[in-house]
Every structure is written in structure tokens, then in C-alpha cells.
Amino acid sequence: MPRAISSQEQATKLGNTFQRLEKSVADLLGGADLSARPAEASPDRALVFEVIGPVANFVQAARNVGLEWLAEEYDSPSAEDDNDSEYIEEESTSETLLYVTMPSIAGLQRVLALWNRFIRNEPKPSDGREWWALFGYLNNVRTWSAQDRVDPAVEAYVERMLERYPERPVRLELDLWFREDEELRARARDYVDALMESVSGRVLDFATIPPICYQAALVELPGYQARMLRQYRGPLADADRVMRVKPQSLYLSGERQPIPTTLDERDPPDEPDNRRAIVALLDGYPIQNHHLLANRVDIEEVDVTGEMSPVARRFHGTAMASLILHGDLGHGEPPTDRILKIVPILAAPQGLHQECTPLERLPVAMVYRAVTALMEGLDGGPPLGNEVVIINHSVCDQEAPFARRASPWAKLLDYLSHEHKLLFVVSAGNSNSPFEIDTYVDCDDFENADAIERQLVLLRAIERAKGTRLILSPAESINSVTVGAIHEDSSTGCPAGHVDPFVPIGVTNLTSGVGLGFNRAIKPDLVEAGGRQMAMSETAEGTVSVWAREHGDAGQLTAIPDTNGGTNTKTGRSTGTSNAAALVTRAALKVADVVEELFSQDGQDWVRLPTRAVVLKALLVHSCSWGSVGKLLNNLYNGNWQRKREAISRFLGYGRPDHSRIMRGDGSRITLLADDIITPDLLHEYKIPIPRAMVGNRELRRVTMTLAWSTPTDPGSRRYRGVLAEIVDRNGKRDFWDGVGSTLQPHPFAGRRGTLQHLVLEGKKLIRSLEEGAFFVGVQARADLPLFAAAKVPYALAITLELAQPVRDDLFADVEARVRLKQRAARPRTPIRLRTRS
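Given the structure is predicted, the values throughout are model-derived calculations rather than measurements.

### Examining unusual backbone geometry
Where the residue is not glycine, phi is negative for most of them; where a peptide bond is considered, it is trans in most cases.
Thought 1: Cis geometry marks the peptide bond from Ser473 to Pro474; its omega dihedral reads 10°.
Thought 2: Mapped onto the secondary structure, Pro474 falls in the loop between helix H14 (451-464) and strand S16 (481-486).
Thought 3: In this model, Lys523 is joined to Pro524 through a cis peptide bond whose omega is -5°.
Thought 4: When you line up the elements, Pro524 lands in the loop between S16 and strand S17 (526-529).
Thought 5: One non-glycine residue, Arg404, lies in the positive phi region at around 75°.

### Digging into the sheet that holds strand S15 (residues 435-437)
Thought 1: Judged by pairing direction, the sheet is antiparallel, and its three strands sit side by side in the order S15-S19-S18 without closing on themselves. With partners counted over all chains shown, the strands left at the sheet margins are S15 and strand S18 (534-540), one partner each. Between one strand and the next, the sheet's axes are offset by a mean angle of 40°, whatever the strand orientation.
Thought 2: Judged from the seven bridges that link them, S18 and strand S19 (residues 543-549) form a sheet pairing that is antiparallel. Considered in S19, the bridge of Ala540 is made with Thr543.

### Looking at the packing of aromatic side chains
Thought 1: Under the counting rule described, the total for this entry stands at 19 aromatic pairs.
Thought 2: Aromatic side chains Phe58 and Trp69 sit 6.1 Å apart centroid to centroid with 75° between the ring planes, which places their arrangement in the edge-to-face category. Of this pair, Phe58 sits in helix H2 (residues 58-64) while Trp69 is found in strand S2 (residues 68-74), placing the two residues eleven residues apart along the sequence. The two residues Phe58 and Trp69 agree in class, both being buried.
Thought 3: Taking the centre distance of 5.7 Å and the plane angle of 55° together, the rings of Trp69 and Tyr99 count as tilted. Here the residue Trp69 occupies a position in strand S2, and Tyr99 occupies one in strand S3 (residues 97-102), the gap between them amounting to 30 residues.
Thought 4: You can call Trp69 buried: its relative accessible area is 9%.

### A word on the packing of H14 against helix H17 (residues 627-636)
Thought 1: Put simply, H14 and H17 touch, their axes get as near as 11 Å, and they point 75° apart. The angle between H14 and H17 places the two elements in the roughly perpendicular class. Listed contacts from H17 to Leu456, Leu459 and Arg460 of H14 are Leu632, Leu633 and Leu636.

### A look at the pattern of salt bridges
Thought 1: Inspection of the entire model under this criterion finds 56 salt bridges.
Thought 2: Its salt-bridge partner being Glu300, residue Lys341 comes within 2.7 Å of it at the nearest N-O pair. In this pair, Lys341 is assigned in strand S12 (residues 340-346) and Glu300 in the loop between strand S11 (297-299) and helix H10 (316-326), connecting sequence segments 41 residues apart.
Thought 3: Each of the salt bridges in this network shares a partner with another, and the network as a whole consists of Asp273, Arg275, Arg276, Arg338, Glu387, Asp593, Glu596, Asp605 and Arg608.

### Focus: the sheet that holds S17
Thought 1: Overall, parallel pairing links the seven strands, which are arranged S11-S12-S10-S13-S14-S16-S17 in an open sheet. Either end of the sheet is taken by a strand with one partner, and the two such strands are S11 and S17. Across the sheet, the mean angle separating the axes of adjacent strands is 30° when strand polarity is ignored.
Thought 2: Pairing of S16 with S17 involves four bridges; the strand directions are parallel. Counted as the bridge partner of Val483 is Leu526 from S17.
Thought 3: Where helix H11 (residues 363-375) meets the sheet, it contacts strand S10 (279-284), S12, strand S13 (390-393) and strand S14 (423-427), and its direction lies at approximately 155° from that of S12.

### Some remarks on the environment of Gln745
Thought 1: Note that Gln745 resides in the loop between strand S26 (741-742) and strand S27 (756-763).
Thought 2: Judged by its relative accessible area of 8%, Gln745 falls in the buried class.
Thought 3: Considered as a pair, Gln745 and Asp562 are 183 residues apart in the sequence and their alpha carbons are 45 Å apart.
Thought 4: Sequence-distant contacts of Gln745, that is, excluding residues within four places in its chain, are made with Trp626, Arg645, His758, Leu759, Val760 and Leu761.
Thought 5: Within the structure, the side chain of Gln745 is placed 2.8 Å from the backbone nitrogen of Val760, a separation counted as a polar contact.

### Things to note about the nonpolar core
Thought 1: Within the largest apolar cluster, 100 residues are counted, with the highest numbers of intra-cluster contacts made by Leu340, Val371, Ile391, Trp606 and Leu616.
Thought 2: Of all the elements, helix H15 (residues 577-600) adds the most residues to this core, at 14 residues.
Thought 3: Apart from residues lying up to four places away in sequence, Trp606 is in contact with Ile278, Val389, Ala592, Val595, Glu596, Phe599, Arg612, Val615 and Leu616.
Thought 4: Counting 37 residues, the second largest nonpolar core, distinct from the first, contains Ile670, Met705, Ala781 and Leu801.

### So, the state of the cysteines
Thought 1: Tallied over the full model, the rule gives zero disulfides.
Thought 2: Cys494 forms no disulfide, and the closest cysteine sulfur to it belongs to Cys443, at a distance of 16 Å.
Thought 3: Using a relative accessible area of 38% as the deciding quantity, one classes Cys494 as partly exposed.

### Examining the side chain of Thr143
Thought 1: Within the element layout of this structure, Thr143 appears in strand S4 (residues 138-143).
Thought 2: For Thr143, the residues in contact, after removing those within four places along its chain, are Pro38, Ala39, Glu40, Ala41, Arg45, Ala46, Leu47, Val48 and Asp148.

### A short note on a nonpolar patch on the surface
Thought 1: Together, Ile452, Val503 and Ile505 make up a nonpolar patch on the protein surface, roughly 210 Å² of accessible area in all.
Thought 2: Among the structural elements, Ile505 can be located in the loop between S16 and S17.
Thought 3: Residue Ile505 is classed as partly exposed on the basis of its relative accessible area of 31%.

### Concerning the environment of Pro712
Thought 1: By the element assignment, Pro712 lies in the loop between strand S24 (701-709) and strand S25 (723-728).
Thought 2: Considering only alpha carbons, one finds Pro712 and Tyr415, 297 residues apart in sequence, at a separation of 7.0 Å.
Thought 3: For Pro712, the residues in contact, after removing those within four places along its chain, are His418, Tyr720, Arg721, Gly722, Val723, Phe788, Ala791 and Val793.

### Section: the packing of H15 against helix H16 (residues 612-622)
Thought 1: The N-to-C vectors of H15 and H16 enclose an angle of 120°; their axes lie 10 Å apart at closest approach. By the angle class used here, H15 and H16 are oblique. Judged by the sense of rotation from one axis to the other, the crossing of H15 with H16 is right-handed. Counted together, Val584, Ala587, Ala588, Val591, Ala592, Val595 and Phe599 of H15 and Val615, Leu616, Leu619 and Leu620 of H16 form the full contact between these two elements.
Thought 2: Residue composition of the contact of H15 with H16, grouped by class: eleven nonpolar, no polar and no charged.

### Regarding the side chain of Arg244
Thought 1: Mapped onto the fold, Arg244 is located in strand S8 (residues 242-247).
Thought 2: Residues within four places of Arg244 in sequence aside, it is in contact with Glu73, Trp144, Asp148, Arg149, Asp151, Glu173, Leu174, Asp175 and Arg405.

### Quick notes on a negative patch on the surface
Thought 1: Negative charge collects at one region of the surface, where Asp442, Asp444, Asp445, Glu447, Asp450 and Glu453 lie side by side.
Thought 2: Residue contributions to the negative patch peak at three residues, all from helix H13 (residues 443-447).
Thought 3: Within the fold, Asp444 resides in helix H13.
Thought 4: Under the relative-accessibility criterion, Asp444 is labelled exposed at 52%.

Analysis parameters
Per chain, residue numbering runs from 1 following the sequence as it is written. Local features in this predicted model are restricted to residues whose pLDDT is 70 or higher, and side-chain atom pairs enter the listing and the counts only when it is 80 or higher, whereas totals over whole chains, interfaces and linings include all residues. To obtain the side-chain values, all non-hydrogen atoms of the structure were included, while hydrogens and water were left out. Secondary structure elements are taken from DSSP: a helix is a run of H or I of four residues or more, a strand is a run of E of two residues or more, and numbering for both begins at the N terminus. Pairs of strands are assigned from DSSP output, requiring at least two bridges between the strands. Between N-to-C directions, angles span 0 to 180 degrees; the directions come from axes that are lines fitted to C-alpha atoms, helices contributing only their stretch in contact. When the centres of two rings from Phe, Tyr and Trp lie within 6.5 Å, Trp using its six-membered ring, the rings pair. Their planes under 30 degrees apart give stacked, over 60 give edge-to-face, and anything left gives tilted. Summary of the burial criterion: residues with accessible area below 20% of their type's maximum are buried, those above 50% are exposed, and those between are partly exposed, where the area comes from a 1.4 Å probe applied to protein chains only. When an angle is under 35 degrees it counts as roughly parallel; over 145 it counts as roughly antiparallel; between 65 and 115 it counts as roughly perpendicular; any other value is oblique. Should any heavy atoms of two residues lie within 4.5 Å, those residues are counted as being in contact. Salt-bridge detection follows one rule: a side-chain nitrogen of Lys or Arg within 4 Å of a carboxyl oxygen of Asp or Glu. Under this definition, polar contacts are N or O atom pairs within 3.5 Å; protein pairs additionally need one hydrogen-donor-capable and one acceptor-capable atom, and for neighbouring residues in sequence, both atoms have to be side-chain atoms. In these notes, a set of buried Ala, Val, Leu, Ile, Met, Phe, Trp, Tyr and Cys residues joined through side-chain atoms within 4.5 Å is what counts as a nonpolar core. In this description, the term disulfide denotes a pair of cysteine sulfurs within 2.5 Å. Only residues whose relative accessible area exceeds 30% and that form no salt bridge enter a patch; like-charged residues are grouped when within 9 Å of one another, and nonpolar side chains (Val, Leu, Ile, Met, Phe, Trp, Tyr) when within 5 Å. Accessible surface is estimated by sampling points in the Shrake-Rupley manner with a 1.4 Å probe; for residues, cover comes only from the protein chains shown. Should the near helix be turned anticlockwise from the far one by less than a right angle, the crossing is termed left-handed; should it be turned clockwise, right-handed. Residues are grouped as follows: Ala, Val, Leu, Ile, Met, Phe, Trp, Tyr, Cys and Pro are nonpolar; Asp, Glu, Lys and Arg are charged; all remaining types, including Gly, are polar. In this tally, Lys and Arg are treated as positive and Asp and Glu as negative; His is ignored, and so are the chain termini. Throughout, a charge is located at the NZ atom of Lys, the CZ atom of Arg, the CG atom of Asp or the CD atom of Glu.

Remember that the coordinates give geometry; whether it matters functionally is a separate question.
Structure representation (C-alpha cells):
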């Protein structure tokens, strides 16, 4: 913690600031209009307290004196200063924070009275102790300025839009201060209408989502007004009720130029599967009667209709649905049987060759309405899919690379996940900006280089350029599973005249978004095949730059539209993190089938349980590992072991899963699963039987533990996450058993920053005997924020015990018998479930 500054020092440092504040109050009481003086405090103008360290319980303290609490912000929203910092277990307490409030005149008077008592070194009042702490850390008091309001990305965005479309108005989003008073929120639309009238603009969309404290408008305004924002001038820059002016949130699919192929015979089912749909896709409008999708999809129109998406341009949604149902067609996997619910949120407007979120709608509001329609119903109608558990979200905001604070889009997914017990599978996003490489003097040198050497050069260069290739909103969502893309697909060979940058060893492809996530949590969570992308290059001023390009002969094979309007049997190839997320969604569906059967053995309907989503989340990640590619990158990257592991985590997350390891047991491997609800300051205890076959030999043994939980969130807090859960041993550490130790994997503290912990422990140490025959695993919870001290948090714990070599004794049977015996003798609070071997 930083040192608190004495009242005498603060009086000298901030005396003039508080004198100006006193003058503002006096002018207001005298009837002055301060609307043209944006630096002076007044009601309806956000007041910022800059502090050099966090102040406990200040939210309530601010409200007690008559200040409305708005938000807690970082002084610097940029993620760049985090890119190369070493891992720190706990959050920094030495940076400047912004406590943002909305004052009243009475509240300002009360703050001034407390300040005057503080600088006179009077005793702390019983109702103002937090204010003494704040005054001791106070760096400045000021109004929310134009520099705070105008997002740093606006300048480049405005120039880019005007360069492309010089005659068109510029579209921007206005995030408004979310007011506690419902009547003030109701009047916000009138305020935005008047503001747009003053700049000759118009409001395209407006939305209020109270659970995430979100109120926003999509507006368009003349180019000259948009350019004024570069100098922090104009009515928008000084609009007191606007928190942030930022680029329009927009997903825009890449232009598709696939090489169409004719579908191999794969007949659709005669009729739809009659089981309940548990997977939904929020994406583009698919071709519902494509040979691969017919009788397999159920489309629910909420905001996007079929008329908004010409059939010949329905690429993205059709491809995602195809991947979820069939996988990469080139692998010849059998299709899944369950119906796939689809709520379209992408359209294909005239004048564009790509699909996109509708240009006159707020995407966050569309996702909110889509999920609400599924789970609750809209406008008094019935829910359209309230048994859905898994939602594929392969859409991102291309104007919003993650920058330290959680975006409204991510906040929405986190809220919906926890509120409706859903698992969102989210794509990490693709970044195709060119990056510089060393070693080669020109493009010919690069293209003719040794393939292995070139691969290593590219991997080092992408790691250096990670700050320009960040995951895209809402991939930072902490309750969701975020997926990066591996350079792999069913195609073979390299198209003539192109450079295939990597051999298929498990590295991410050239465009896959790079973590970390919110609070430096592991993001992406895992990686899956996302197609092979070719490497293009150019030389400028002696420097070679590289970027990715799709080729029609490489990528994952999926259903596509027939652009010539022929039969719906065409297939083509594509790449990207959207594809990888769709394959993980497909895997989640397969795991769900196993889980549903497993829970039914205990007489439970898994879909109705509050732990349904976290069970899938844990099992999806449970088989992840870095494998050989982790060793390659560990040898390639520079720095100490912590820095290397963090660098690998940015690309691979916890690694690539092998779901067959948890869906099938054998004699040398068994997976145990527990699920429950926990509240902060509690510890749930489990005793895990140690197989007898792991004792008395030096065979490689492995213990894998995965904990997944769903947390409530506070959208106005810088800390955001409500509850931490973690796996601990009997002493609150991670020394579970002498027979295994740590492996090459993410730093064990990294899991404490998100909602997933994944530990892979291995060892060959000779253990001659066992005193207890089991080791202790605890799940404990802690409230990150006082608001959630009594929160009920669903979690799932998966533990796999295995031996690398077949053993004479059946490990599965050994552990199963001891777990079943324990359950018969005294049924534990949380059943431990075992996957029955098939």
C-alpha cells in the first residue's frame, strides 16, 4: 500500500483545488450557470477523485454524503503497460485510480466540510472515516474531462471512416453515465436527441440494460463534427451526461472467396431430432435448407430476419452451424443429432460484400435481446429456448481490442452467464495487421528460407508484436470460455506460390487474438483448430512485414452458399477463431451428452441444475495441456520462467484439449467429478483415493485438477469480479501429494485471476506406502467485493488420476470401488461422479 499523505502536506498540495471547488459551490448557490465552464464542479457533471491507492468501502461513504456513485476507473486505460510486466500474484495498489461520482450541491458542501476538518487535523468523524483515508491518498479532484470522455481510438477511427467514405456521416457510440434514478435514465434519450440536433446528427439506436449499468446510443454526425473530437473540442467532447465517446461496435466478416466443391453424400435426417435443444448459435443467418443443415437447425428471428441476409451471402452463420453439427467435413466425423438453435445477429446489407452486425443497431443490445428471447421470452411471449445451456458466440467487436477494462459486451456475457447458468463459447478474435520480422532482407529471402528457421523467426516476431494483436471484445469475458485458433485443418499441401508459415505442431495461426484478459487472467482459455492461413509479405525501407491471407485450398471444410444460386450442396474452406470456437461448441455438445447420462444415473436432470454450465466449463478445459508446442515456445522465448510461461499463456491459454480422455475411461485412467454451490469464506473438502497402482514404482503418474466457477460481477467496480474460488491443499497451498509435482503449464497463481484453475501434476518419485490412502483437495471461496459476501457460487471440480503405462491392477476399478464404498457408508454432501467405462 502507498504511504498516506499528511493533512498538512495535502493542504499545501490541494488547497487551491478545494478553493476552486468552494467557489463553484458559491456560484451555484448564487444562481450562476456553469454549463459553459466544464472544469467547474456542478450537479449533473461527473466529479472525479484521483487517488494513489484503493480506499475500502468508499462507495457507501460517497453515498452517505450525497454523492451518487458512478464508476471506478484506472487512470490509464491502456493495456500496453501490462504487455511485458512480470506476473504479480496480487493486484497493484500503487497506481492512480479514479473514483467517479455525480455530485449534488449538498453533497459538495458536505465534502468541503469534511476536507476542512481534515486539514485542521481534527479527529475522524464516526460517519466519515473513509473520507480521511481518501484525503490521505488524494492526488486531485476534478471534473470528468473531454480527455476522459473521448476514447483514444476515436481519432484513428474517424480518419479511417472519412478516408473510406468522405461523403458519409460518421457513426459513433455514446456510453452514458448510468444513473441510479430511474426517472433520470428515462430522460436520457431526450438529452441525446437534443445533443444530436445541436450537431446536425441523428440517433440510430438507444438501449438501456440495467443489470450491467449500461445506457448507450448509436449516433451519426457530420464529418467535421467528428473531426473536432481529435482536439477534444465540440458539443460531444463536453457532453456532461456522456461517459465515453467511442467507435461504433461492429463485427465485419472477412470477404469470402472460397473455392466451391460438391458435397459428398451426407443425407439430412428425415425429421428433426425430438430431444431438447441445449446449444444455440448467435451468428449470421444460415441457409436452413442446405443439405448439411436441413432438419438440423431451428432458426428464431428476433432482430435479424431472412430478408436482411440474401441467401447467396450467408457465409458465416452457415459455416459456423456446419462446424458445430459436422466438424471439419474433411475429417469425415459423424454429425451430431441434436437440433441447433440459431438466433441471427448478423445481416448482409446492400453495398457490402460481407456480413456484419446491423449498421444501425447496438450489438450489445441485440445480444441481450437474443438471449432474453431464448431464456425468458420478449414482449410477453414464451421463451424460445430456455433449456439451452451452451451458446456459441463467434462474433466480436473489431473496433475494440481489449484494453484493461471490461467492455460492456463482455459485462453482458458475464451477467447472462451467471444469471441464466449459461456457458458462452467465445472466439478470441482475429488480428491481421502486418507485423515486422527480422533475419530476412527482402520478400524473396523470406519466401525461400528454410521452413523450420522461418517458422521460428515468425513465432518470435508475433510474440514481439503481441501488443498489436490483442483479443477482441467480448473475449475478455471472465465467465465465458474464450477460444484461440491453431494452424491446422483437414487440407493438405501448400498452394503454389504461397508460404505455409508453420508445420502442424499446434501453434496458433497468424491472426489468432493474443491475451491476457481482464485482471491479467488467462485468455484465451484454450485453443482449437482454426485453419491454416498463408503468409504474405512485403518489403519497405529494408524491413520485411508479414500478414495472413486465406486461400480457397486451405482451411476447414464447411457448408457454404452457392453464389450462383444453384443447389444447396456446396462446401468451401475458411479459417479463423470463429471456426475454432465452433469446434469447441461441438465438443461441448458431445460432453453434454455424456454428462446428461451421468447425472441421470443419480436421478438428476442435469439441464435443471444450477451447476450445469460450470460442469461443462470444467470438463472442456480438463484435458488441456501445452504438450510439445509448449516446450518449443519455452525454449524459443526470452526471459525468466515466469515471463516465458506468461508469454505462452497469451497464445495457448491452458492448451489444446483432448476430449476423448474424459469421455472414455480405461484401466489406467479415471476422472472424478464434483459439483456444488459455495459461498465466500467456506471450504468444501474432498478426499481423493490414491490408486494402489501408483505406489511402489517409478512409472510416470499424472494428476489433473480443474476448477470452474461462475461469479457475479460489479460492472461499476475496477475489480469487477465478485468471488474468487480456488483449489487448495489441507494447508491452503498447492502441495497435494508427494507423488506428483508441477509441470510446464501456466503459472499456478494465474488461475486466481479468472474463473478457471487448471493444474497438471506429474511425477515418477518412488512412493513406497500410503499413510491415509488418499490426498486432500479443498475448494474455498472468497468475496473479492463486499457486495458479494453472501453470494451463492456454482462450481465444478474435475480430477483425473492416470498412469502413463498400462498397469496390472485396474486403476479405474480400484478407485471406483473405494469411492462407491465411501458413498454407501456415508453419502457425502456432494456426490463424486465417475464416468462408467464403455
